[in-house]
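# Structure assessment
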Amino acid sequence: MLLLALSGCSGAGPARAADTPLVLTTFTVLADIARNVAGEHLQVESITKVGAEIHGYEPTPGDIRKAAEADLIVDNGLNLELWFDRFVSELTVPHVVVSEGVEVIDISEDAYAGKPNPHAWMSPNNVARYVDNMVAAFANLDPANADAFRANAEAYKAELRKVHDELVSALAAVPPTQRALVTCEGAFSYLARDAGLTERYIWAVNAEQQATPQQVASTIAFVRDNRVPAVFCESTVSDSAMRQVVAATGTRFGGVLYVDSLSEPGGPVPTYLDLIRHDTRTIIAGLTGAAE
């Protein structure tokens, strides 16, 4: 399959400077983080495009060809990119899993119970670990620029700490009984842990296409019982199920959160820092009532 894909795909990939190593990531969030570490010394590209739903992505022959031409492949791990694992296993390209060393939270219910929650990048603290893993891999790939990678990483991790501190500080104003983060997908376990929030979601993983009546009813009961001030939904899925929760409980729809993909450069979340700042500020505004 790999040989057919490589031989059958025509057209050249994006041009890059001679001798500049190519780092290929599985989705746009990782690509942006990697670019902040790499600076000008590496060319970083993402397999998936802006707005793509990464859980059920199907690689194209062009994706496979690009992977074979890369000098390093970077993925999230934690079962996120099962669609890509079988192709990576056939390549001789070096490979790094950037979630290595993260304290994993398991999914607690549904068909995915007991499996790791893959959305570790939704914690700025975890992304600091991602950055350290990238530094080690990039330094191994390009030793001459190892000091630059480390300097870039330290500056980027300082920005990550600011986002974390802003979230924790702002949520101190929310009554403890109302510190709940209710979303469509269970993508915020790590962020909720960082911020001292109770997480609740309609479905565990976006591989599920529709919410069941039981899932919606359970979420409605949770929101009512805990007087949750606001609920949220992710940009890559329909918010119709969460709108049912809003209609049944009278809570507010707090806004759209971004998880699996960045936006186009002119959009609301063109970088990971924009994404995590947007999400934390949307959550803060919803739970504190500032969104009214």
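Refer to the structure presented above.
Residues numbered from 1 in each chain as written. Predicted model: local features only at pLDDT ≥ 70, side-chain atom pairs only at ≥ 80, totals over all residues. Heavy atoms only, no water.

### Examining the packing of aromatic side chains
A complete count under the given rule lists 2 aromatic pairs for this structure. Aromatic pair Phe138 and Phe149: ring centres 5.8 Å apart, planes at 70°, arrangement edge-to-face. Taken together, the residues Phe138 in helix H5 (residues 124-141) and Phe149 in helix H6 (residues 146-170) connect sequence positions 11 residues apart. The ring of Phe253 carries Arg243 above its face, with NZ or CZ at 3.9 Å from the centroid. (Phe/Tyr/Trp six-rings, centres within 6.5 Å; stacked < 30°, edge-to-face > 60°. Helix = DSSP H or I, 4+ residues; strand = E, 2+ residues; numbered from the N terminus. Lys NZ or Arg CZ within 6 Å of the ring centre and 35° of its normal.)

### Considering the environment of Asp32
Within the secondary structure, Asp32 is located in helix H2 (residues 28-38). We classify Asp32 as buried; its relative accessible area is 10%. Remark: the alpha-carbon pair of Asp32 and Leu262, spanning 230 residues in sequence, is separated by 8.7 Å. Residues within four places of Asp32 in sequence aside, it is in contact with Tyr156, Leu262, Thr271, Tyr272 and Leu273. In this structure the side chain of Asp32 is engaged in a polar contact, spanning 2.8 Å, whose partner is the backbone nitrogen of Tyr272. (Buried < 20%, exposed > 50% of the residue type's maximum accessible area, 1.4 Å probe, protein only. Contact = heavy atoms within 4.5 Å. Polar contact = N/O pair within 3.5 Å; in protein donor to acceptor, adjacent residues only side chain to side chain.)

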